[in-house]
Amino acid sequence: MTQFLQQLTNGVVLGATYGLIALGYTMVYGIIQLINFAHGDIFMLGAFGGLALYDVLPHSMQDQIIIALPLCTLAGIALSVAVAVVMERVAYRPLRNAPRLAPLITAIGVSAMIEEGTRLWYPGAKAPLDFPQLLPSGAVTLGGVRISYASIVVVVVAVVLMIALQTFVLRSRTGRAMRATAQDPDTAKLMGINTDRVIVVTFVLGASLAAVAGVLQGARLGTVRFDDGFIAGLKAFTAAVLGGIGNITGCVAGGFILGIVEVMAVQYLPHGSGYKDLWAFVVLILVLVFKPNGLFGEEVAVRA
Amino acid sequence: MTSAFFRIYHRYREQILRRTGPRGRVLLIAGMVLCLIASVLPWAVNGVGYTNPLGGNLQSAGIGGPRLYVLLLTLVAGLGLTSLDGRRRSTIAASLGNLVISVYILRGLVHEGGGTGAIGVGVWVALVGSLVLFLGADTLPVTPKNILPSLPAFADIALILVVIGVGLAALVVGLGIEDDKQFVAFALFVVALVFALNWLGVATAFTDAFERYRYIGYAIAAAAAFAFPFTQNGNAQWMAVFARVGVFAAAAIGLNVVVGLAGLLDLGYIAFFGIGGYVSALLSNAVFTTVHVHLPFLLVIPLGAAVAAFFGVLVGAPTLRLRGDYLAIVTLGFGEIFRIVAINWTGLTKGPNGIAGIPDLQLPGGFDFGKPHTLFGQLLPFQSNYYFLDIFLIAAVMVFFARINDSRIGRAWVAIREDELAARAMGINTVALKLLAFGIGATLAGTAGTINVHIGEAIEPNAYQFIFSALLLSAVVLGGMGTVAGPILGAALLYAIPEKLRFVQDYRLFLFGLALILLMRFRPEGLIVSRRRQREFHEGGSGADAMSQPGQVAPV
Amino acid sequence: MRNRYVVRAAIPAIIGVIAVTGCGSNKSSGGGTGSSGSHTVVIGLSAPLTGPLSALGLGMKNSVDLAVKQANSANKIKGWTIKFDPQDDQGDANVGGQVAASLSSESNLVGIVGTLNSSVAQQEQKAFNDQNIVMISPANTNPALTQGDNYASGTKTRPYKSYFRVATTDSIQGPFAAQYLKSQGINKVATVNDQKTYGAGLVAEFEKQWKKQGGTVTSHQTINPGDKDFSGVISKIKPTGAQALYYGGEYPEAGPLSKQMKAAGLNIPLMGGDGIYDPTYVKLAGSKSDGDLATSVGAPTDKLQSAQDFVSAYKSAGYKEDFSAYGAYSYDAANVIINAMAKVLPGKTSIDSTVRQAIVAAVQSTDFDGVTGHVSFDQYGDTTNKVLTVYKVKGGAWVPVKTDTFNS
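Residues numbered from 1 in each chain as written. Chains lettered and ligands numbered in written order. Predicted model: local features only at pLDDT ≥ 70, side-chain atom pairs only at ≥ 80, totals over all residues. Heavy atoms only, no water.

Caption draft 1: Expanded view of the overall build of chain B. On a plain count of helices and strands, chain B comes out with 22 helices and 4 strands. With 556 residues in all, chain B has 56% of them scored as buried. Pairs at least 24 residues apart make up 77% of the contacts formed inside chain B by residues separated by at least 6 positions. Roughly 22600 Å² of accessible area belongs to chain B as shown, and the carbon and sulfur atoms make up 69% of that amount. (Helix = DSSP H or I, 4+ residues; strand = E, 2+ residues; numbered from the N terminus. Buried < 20%, exposed > 50% of the residue type's maximum accessible area, 1.4 Å probe, protein only. Contact = heavy atoms within 4.5 Å. Areas by Shrake-Rupley, 256 points an atom, 1.4 Å probe, with all protein chains shown as cover.)

Caption draft 2: Geometry of the interface of chain B and chain A. Each partner contributes residues to the interface: chain B has 46 residues there, and chain A has 47 residues. Per-residue buried area on chain B facing chain A is highest for Asp 325, Tyr 326 and Phe 510 of chain B; these three make up 16% of the total on that side. Applying the counting criterion to the chain B and chain A interface returns 1 residue pair in polar contact (both at pLDDT 80 or more). Per element, the largest residue contribution to the side of chain B that touches chain A is 13 residues, and it comes from helix 13 (residues 324-344) of chain B. (Buried area = accessible area lost by both parts, 1.4 Å probe. Polar contact = N/O pair within 3.5 Å; in protein donor to acceptor, adjacent residues only side chain to side chain.)

Caption draft 3: Broad picture of the packing of aromatic side chains. Overall, the coordinates contain 38 aromatic pairs over all chains when judged by the stated rule. Here Phe 272 of chain B and Phe 438 of chain B contribute two aromatic rings whose centre-to-centre distance is 6.0 Å and whose plane-to-plane angle is 90°, an arrangement assigned as edge-to-face. A residue pair is termed long-range when its members are at least 10 positions apart, and Phe 272 of chain B in helix 11 (residues 270-282) and Phe 438 of chain B in helix 18 (residues 430-456) qualify at 166 residues. An aromatic cluster of at least three residues, connected via ring pairs, comprises Phe 226, Phe 228, Phe 230, Phe 242, Tyr 387, Phe 388 and Phe 392 of chain B. Here the guanidinium or amino end of Arg 119 of chain A rests over the ring plane of Phe 226 of chain A, the centre of that ring lying 6.0 Å away. (Phe/Tyr/Trp six-rings, centres within 6.5 Å; stacked < 30°, edge-to-face > 60°. Lys NZ or Arg CZ within 6 Å of the ring centre and 35° of its normal.)

Caption draft 4: Main features of the domain arrangement of chain B. The domain architecture assigned to chain B consists of domain 1 (15-212) and domain 2 (243-361 + 378-466). Relative to domain 2 of chain B, the C-alpha centre of domain 1 of chain B lies at a distance of 42 Å. (Domains from an automatic or database assignment.)

Caption draft 5: Examining the packing of helix 7 (residues 173-183) of chain A against helix 9 (residues 195-221) of chain A more closely. All names here are of chain A. In contact at an axis separation of 10 Å, helix 7 and helix 9 are set at 105° when each is read in the N-to-C sense. Considered as vectors, helix 7 and helix 9 are oriented roughly perpendicular to each other. Together, Thr 174, Ala 177, Met 178 and Thr 181 of helix 7 and Thr 195, Val 198, Val 201, Thr 202 and Leu 205 of helix 9 make up the contact between the two elements. The residue inventory of the contact of helix 7 with helix 9, partitioned by class, reads 5 nonpolar, 4 polar and no charged. (Axes fitted to C-alpha atoms, helices over the stretch in contact; angles between N-to-C directions. Parallel < 35°, antiparallel > 145°, perpendicular 65-115°, else oblique. Nonpolar A, V, L, I, M, F, W, Y, C, P; charged D, E, K, R; others polar.)

Caption draft 6: Up close: the pairing of strand 2 (residues 80-88) of chain C. All names here are of chain C. The element strand 2 is largely enclosed, with a buried count of 7 among its 9 residues. Bridging between strand 1 (residues 39-47) and strand 2 involves 9 bridges; their strand directions are parallel. In the sheet register, Val 42 faces strand 2, and the bridge partner there is Lys 83. Chirality of the crossover, the property in question, places the unit of strand 1, helix 2 (residues 54-73) and strand 2 among those that are right-handed. (Pairing = 2+ DSSP bridges. Right-handed = clockwise from strand over helix to strand, strands pointing away.)

Caption draft 7: Expanded view of the nonpolar core. Tyr 92 and Phe 237 of chain A together with Leu 267, Trp 413 and Leu 472 of chain B are the most contacted members of the largest nonpolar core, which has 210 residues in total. Counting residues per element, this core draws most heavily on helix 10 (residues 236-261) of chain B, at 18 residues. Membership of the second largest hydrophobic core comes to 105 residues, among which are Leu 49, Phe 176, Phe 323 and Ala 328 of chain C. (Core = buried A, V, L, I, M, F, W, Y, C linked by side-chain atoms within 4.5 Å.)

Caption draft 8: The arrangement of the pattern of salt bridges in detail. Scanning the model with the defined rule gives 23 salt bridges over all chains in all. Residue Arg 93 of chain A is joined to Glu 88 of chain A by a salt bridge in which the shortest nitrogen-to-oxygen separation is 3.3 Å. For Arg 93 of chain A, a relative accessible area of 23% gives the class partly exposed. Here Arg 339 of chain B ties to Glu 336 of chain B by a salt bridge, and the two come within 2.9 Å at their closest N and O atoms. Residue Arg 339 of chain B and its partner Glu 336 of chain B are both found in helix 13; the two are separated by 3 residues, about one turn of the helix. On the basis of relative accessible area, Arg 339 of chain B is assigned to the buried category, the value being 15%. Here Glu 336 of chain B falls in the buried class, since its relative accessible area comes to 1%. Within the structure, one salt-bridge network assembled from shared partners comprises Glu 88, Arg 93, Arg 96 and Asp 196 of chain A. (Salt bridge = Lys/Arg side-chain N within 4 Å of Asp/Glu carboxyl O.)

Caption draft 9: Geometry of the sheet that holds strand 4 (residues 134-137) of chain C. Residue and element names in this part refer to chain C. Strand order in the open sheet formed by 5 strands is 2-1-3-4-5, with parallel pairing between adjacent strands. Whereas interior strands pair on both sides, the edge strands pair on one side only; in this sheet they are strand 2 and strand 5 (163-165). If you compare each strand with its neighbour and ignore which way they point, the axes differ by 25° on average. Packing of helix 4 (residues 118-130) onto the sheet brings it into contact with strand 1, strand 3 (109-114), strand 4 and strand 5, and relative to strand 4 it is tilted by some 155°. Packing of helix 13 (residues 353-364) onto the sheet brings it into contact with strand 3, strand 4 and strand 5, and relative to strand 4 it is tilted by some 35°.

Caption draft 10: Focus on the environment of Gln 70 of chain C. Residues and elements named next belong to chain C. Counting through the fold element by element, Gln 70 comes out in helix 2. In this structure, the C-alpha to C-alpha distance between Gln 70 and Lys 303, residues 233 residues apart in sequence, is 23 Å. Residues in contact with Gln 70, not counting those within four places in the same chain, are Ala 313 and Tyr 331.

Caption draft 11: Spotlight on helix 6 (residues 170-183) of chain C. Residues and elements named next belong to chain C. Here helix 6 contains 14 residues, and its C-alpha end-to-end distance of 19 Å stays within 8% of the 20 Å for a straight helix at 1.5 Å per residue. Of all 14 residues that make up helix 6, 11 are buried, and the element is covered over most of its length. Among the residues of helix 6, those classed as buried are Asp 170, Ser 171, Ile 172, Gln 173, Gly 174, Pro 175, Phe 176, Ala 177, Ala 178, Tyr 180 and Leu 181. Of the residues trailing helix 6, Gly 185 is marked for its positive phi of about 85°. (Expected span 1.5 Å × (residues − 1).)

Caption draft 12: Representation of the domain arrangement of chain C in the model. All names here are of chain C. One can read the domain layout of chain C as domain 1 (39-168 + 304-377) and domain 2 (170-297 + 388-405). Computed over C-alpha atoms only, the centres of domain 1 and domain 2 are separated by 28 Å. Contact residues are listed per partner, giving 21 residues for domain 1 and 20 residues for domain 2. Roughly 1600 Å² of surface becomes buried between domain 1 and domain 2 when both sides are summed, with 52% attributable to carbon and sulfur atoms. Looking only at domain 1, the three residues that lose the most surface to domain 2 are Thr 141, Thr 168 and Tyr 326, adding up to 30% of its buried area. Between domain 1 and domain 2 we count 0 salt bridges in total.

Caption draft 13: Region of the structure containing the side chain of Glu 124 of chain C. Mapping Glu 124 of chain C onto the fold places it in helix 4. Discounting residues that sit within four places of it in the chain, Glu 124 of chain C has contacts with Ser 46, Asp 89, Gly 96, Val 99, Ala 100, Ile 112, Thr 115 and Met 135 of chain C.

Caption draft 14: Region of the structure containing the confidence of the model for chain B. Residue and element names in this part refer to chain B. On average, residues of chain B carry a pLDDT of 79, and 87% of them reach 70 or more. Mean pLDDT across the elements of chain B bottoms out in helix 22 (residues 531-538) (62) and peaks in helix 11 (91). The low-confidence segment residues 47-54 (pLDDT under 50) makes 19 contacts with residues lying over four places distant or belonging to another chain. In the predicted structure, residues 540-556 sits below a pLDDT of 50 and forms 35 contacts with residues beyond four places in sequence or in another chain. (pLDDT = per-residue confidence, 0-100.)

Written out as structure tokens, the structure reads:
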């Protein structure tokens, strides 16, 4: 039983990461009907941005987690957001009216460029890189289950951010503009909303969340690789679909469910660990075949 | 920032034009003369202590290497003085070609020769000359692409022969150039020349002639393809590459059916290729295999194709009704599932190590694919055997593709691609037809896959990562979706170029990503254009296809 | 209008691309420049020069380069100059296949040093054997490469006559580790492997010996190369009471695994084979990795006298990278080929299949003292040198703890 609970906590932590990344996917898809293939790489860039800043911090600051962690996170966000904005402007915006094949292929190209660019030009990125210990070490043990402080931080941060995002989208003016643009961009334009700007804001929000996830994941696992984005991105997309594309709370739930499923498969299936990544795809296929709107899905607005 | 640059450029252009007026021809002639002089001057300084990496002896006067290219391009630019249509663009292409070649050589000299002191007079003259030539070309009146007068039958056929022959010669020469820098200069020359000739109407004349005398054209192309191994002088290096290119081209044609004809985006396509491969490997009694059965290859091909087809239908049946984007991700998921299973089911597939020591094919008559053979007095390395097999495969697939494209099924696919709802309303069984396309694609991939593993004599799961599906997709898109020859060209370019430009190897995927972005932005219909596709892509926002959401109606 | 823009925009793009690619250097071809009028023979290399294992691969490349340079300047082969053609197999079996195709089609090539990874070697052996090109690995440890797929059940057949190795196999390395752990008083071990030829084979040999010694394997797990998050595996192993974790695989996964283990409270040493014996492992495994263990073939390089000469020659040659774990072995492997060439080539004017076969035969009868010890081959192509060393991480670096010849 304790083993089950232990793995459950592992799953929740994993799921928090997936959820944060998934939010970016779901928002962008909701607004411009594009699966941003390169979103996973934005996640990876967040980690690398944090790492880059850490390497130039003076030693005194490096040891102070309470200072280093937020700074590195901000650095990660800066890098991710910058790349995301450029990506939107240069690669996606010109293709907004093209048949669906074009932006998708472009997204694949962008993803390849980001991954390879990092591998080629970030010093040492051709091998896995060591990521600093920015999360508190140590753990608390409840009834035989060891919960590390790091995991608690990750989950808490993730949940707080998700709530913040949900509030933002529901309450603020920009949030309303985002929802309007998602529902009907032409009418939104007629209502005086600058849809281009709204789209940029969407990308920025998604990238920020992914960057935070990147830094947290890097700190938790202690290693980053240039190809982290690919699998993480696919799994996060699965989480988004599982929860219902366009639905923020669904995203979060989808992330946790996926994380738990994955870890349980490792625990209880023979050779489970080798097949670890497979379950995300199986879930994806099952959801899309049987319940394409996701678990909590709202009917995705059909553009008239 | 680029728009600012162009604004400045336009302003100065106006000033220059006002001064030279209709006498832009003066610039043109001046530029030509300079370039001609440059092509005989030395391009590198004598006695500078470096080994000349640029080939030809650039240190002395005379025509060699890049100077020959400059000379030829200048001659083409000379056509700017005539009254041919399209001369502006072609002369611009030629002058830009000269410019880029000069810049490239300049850079190479500075880099390898140890500094600006190594640059010979000729390079500067060429630079200036090509700039002047460009400015002169820019003053020419804008005209549409040239249309050559229609030629009598024998001239048409001669044209096809010449173009294909020259193409083959260029390929052989290009592949034979050992030094990377020389090759790049050669490639630049070829590109500039192709652009220039395109605007002079040669390309259109060729395609028209080909359409008119299609079967003769195919025969000539096939002959050229067959002739290729004989040009290699027994050297196996390129035969190995092209044997693989052949297999990938066949797979690309299969993907073309799925993506180009039926409009279904399959990002997991490489898995079918892999399924065919594993079936073939397991039944070949390889040295490191798990299944100790040896079936004759002629039986294995259809078996591999059948297994792949089975999985194609299995995958397609529940998922083909999904929207375009979702279908793409789901197929990607299947591709990854295949790869993960292949890695972990070590009992069957030997896991990450794959199956090695796959024997070469043997035909019942005793013909061993693994041995080199001599034909017409030329020694053909053993990869040529697979290459010839590939040609047969591609020919068969091409015939199949052309027939189905022209049939009711093909037209139904077009209808589905353009507007699925309307197609269904017209009584087309969209589900069955989409499944058919998917299944056909899987079958073709499986067939190609069975041959592929024998060329490399081994198979392993890492060859079937997602990136290779993306590569195949790019080959189809680059070559031209929906066309017959497009995927072959795309596959050839995408697989052969990285092999040739070895120094680019590490940057390969990065450039690949960049190329995809540029391609989708500026020329999404690919190199060989299907008229229909071009209209689809450039009609602006209303271009509807199966990728868009159901319910979107194409405006009248 | 739009097209015009395209053409104009393309210009800077094209020039930019040209500029970038123009920076590329020519295909590297190190090795000596011989006296004019001599014939050229080629030695090749297949190793990961890029990618996560590049530290090991580059060390291999530089060491072979050193051997070739030394041979050329000493004019070791009368009338012939040796050219060195190193190729990058990226540690990837797929790329290895292409490298093999490319190298085996070179007409002047008689031998190659490589590979690093057993899985890559599997894809390359046949291509070289078909051309009678001798292939000597400084690092492959999987027994199947020389003893056939059925070696484990006792039937040993040599699959390829032209394949040799100067490093000893996992049949030795795994059991050696098992003996060491037992001598430290450990009885319960969990194993993890990455399912590649090398890792799976190593763990299999280890477990065989471990059970023979009466120890228990509390958990047998697999991961995939490229995995990063090991929390599931670690949580599975923790309650089993293992006293050590034996890992079959390479350092890109082993390092993070060790780091996460310690962070999750599983404070047992991780022990691996020569695949983790690299400074990068310590960097990745972090500060808590003291006490982790690894075995590597041969004695520590600074122990042997012949090795000292190699080390100083390597240093004065000014290579950027360290010769790392397999440098000395690559050096010996290169010299095996060079010695064979010195026996066969003088008097010959071209390379054909009879010359190549003669070189293979000469390699088989190699018998000299190299920098890693005595170099000679048994009937399977395996080295007769069975010396191994256990290393431990102490204070952020690998420190040798025990050197011995394996006795089953």
